[in-house]
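# Residue-level structure breakdown
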Amino acid sequence: MAALSFPFSSIQAPLLRAGKWSCSQIPRTRMNLKPLGLSQIGILAPIRRGFSSPRALADEEAAAKAAAAVAETGAPTIFDKIIKKEIPATIVYEDAKVLAFRDINPQAPVHILLIPKIRDGLTQLSKAEPRHAEILGHMLYTAKVVAEGEGISEGYRIVINNGPSACQSVYHLHLHIIGGRQMKWPAG
Ligand code: AMP
């Protein structure tokens, strides 16, 4: 395996703040040359997000479709490993129900993922049932608390990618909390 990584804060954040790069132009800073299994699709997708070429976008869509194909098998995702602390993550908030940690491929100076600790069928938002209303509300409220903790209360974006058309790559419901720079609209 060959790995090359640079801290986001030293290279990407200043350029994003200065408006030199858009989200889709953030250069790839991690390479993993080992063959990857399906459970690692969550790592594949962000690698591909570093490019905005039609080929890269097609690859990202293909990875999202591959992830969707195994979404309902009940197989653990990369997030289960983070919850169990089997792989490292930079955790910024935790309570009995949810966990928030920094995205491995940040699209802005602040990019945090917020997940329920128990998936309970919530592979994606469209699987939500009435019993999930409490955890969904708790996640949204906690996103506000996390944003405050990050000092971005004056402006941030909450994103849920739902399904392959939205390029969801990890089938464990998660909110993206994104901020620390000027956002553009409409989103891509
Ligand atoms: P989505 O495409 O909406 O399913 O988002 C999945 C997110 O998980 C992407 O933004 C990835 O960068 C992120 N991700 C994947 N693996 C990890 C990891 N090990 N640690 C932190 N974030 C991750």
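Residues numbered from 1 in each chain as written. Predicted model: local features only at pLDDT ≥ 70, side-chain atom pairs only at ≥ 80, totals over all residues. Heavy atoms only, no water.

Looking up the chain in an unreviewed UniProt entry gives the name HIT domain-containing protein, with the organism given as Picea sitchensis.

## Section: unusual backbone geometry
One can expect most non-glycine residues to show negative phi and most peptide bonds to be in trans. With an omega dihedral of 5 degrees, the bond running from W185 to P186 counts as a cis peptide bond. Among the secondary structure elements, P186 is positioned in the segment after β5 (175-179). Of note in this structure, K85 is not a glycine but carries a positive phi near 65 degrees. Structurally, K85 can be placed in the loop between α4 (78-83) and β1 (91-94). Residue classification places K85 among the partly exposed residues on the basis of a relative accessible area of 48%. You will see that D120, though not glycine, has its phi angle at about 50 degrees, which is positive. Secondary-structure assignment places D120 in the loop between β3 (110-116) and α5 (133-150). (Helix = DSSP H or I, 4+ residues; strand = E, 2+ residues; numbered from the N terminus. Buried < 20%, exposed > 50% of the residue type's maximum accessible area, 1.4 Å probe, protein only.)

## Side note on the UniProt feature "active site" (unreviewed entry) in the chain
UniProt records the feature "active site" (unreviewed entry) for H174 in the present numbering. Checked against the element boundaries, H174 lands in the loop between β4 (156-159) and β5. What H174 contacts, discounting residues up to four positions off in sequence, is F79, L113, L114, I115, M139, V159, I160 and Q168. Here the side chain of H174 touches H172 through a polar contact of 2.7 Å, landing on its backbone oxygen. (UniProt positions renumbered as here; feature names shortened; annotations may be inferred. Contact = heavy atoms within 4.5 Å. Polar contact = N/O pair within 3.5 Å; in protein donor to acceptor, adjacent residues only side chain to side chain.)

## Thoughts on the pattern of salt bridges
Applying the stated criterion across every chain, the model contains seven salt bridges. As a salt-bridge pair, K117 and E94 come within 2.8 Å of each other at their nearest N and O atoms. Placement of K117 in the loop between β3 and α5 and of E94 in strand β1 is noted, with a sequence separation of 23 residues between them. Its relative accessible area of 40% is what places E94 among the partly exposed residues. Between R131 and E129 there is a salt bridge, with its nearest N and O atoms 2.6 Å apart. Its relative accessible area of 43% is what places E129 among the partly exposed residues. Three or more residues are tied together by salt bridges with common partners; here these are K85, E94 and K117. (Salt bridge = Lys/Arg side-chain N within 4 Å of Asp/Glu carboxyl O.)

## Focus on the packing of aromatic side chains
With the rule as written, the count across this model stands at one aromatic pair. Between F79 and F101, the aromatic rings sit 5.5 Å apart at their centres with planes inclined by 75 degrees, giving edge-to-face as the arrangement. Highlighted residues: F79 in helix α4 and F101 in strand β2 (residues 98-102), separated in sequence by 22 residues. Accessibility assignment for this pair places F79 and F101 in one class, buried. (Phe/Tyr/Trp six-rings, centres within 6.5 Å; stacked < 30°, edge-to-face > 60°.)

## Some details on α5
Across its 18 residues, α5 extends 26 Å between first and last C-alpha, which sits within 8% of the 26 Å expected from 1.5 Å per residue. The complete set of buried residues in α5 reads I135, M139, T142, A143, V146 and A147. Taken end-on, α5 shows its buried residues confined to a sector of 145 degrees, consistent with a single buried face. Relative to its buried face, α5 has exposed residues pointing more than 90 degrees away, namely E134, L140 and Y141. (Expected span 1.5 Å × (residues − 1). Arc of directions from axis to C-beta.)

## Details of the pairing of β2
For β2, a buried count of four out of five residues is recorded, marking the element as mostly surrounded by other parts of the structure. Here β1 folds back onto β2, and the loop between the two strands holds three residues. Note that β2 and β3 share five bridges and pair antiparallel. Opposite F101, over in β3, you have L113 as the bridge partner. (Pairing = 2+ DSSP bridges.)

## Description of the sheet that holds β2
Read across the open sheet, the five strands follow the order β1-β2-β3-β5-β4; overall the sheet is antiparallel. Lying at the two open borders of the sheet, with one neighbouring strand each, are β1 and β4. Taking each pair of neighbouring strands and ignoring which way they run, the sheet shows an average axis angle of 20 degrees. Two elements, β1 and β2, share three bridges in a ladder whose sense is antiparallel. Note that in β2 the partner of E94 across the bridge is L99. (Axes fitted to C-alpha atoms, helices over the stretch in contact; angles between N-to-C directions.)

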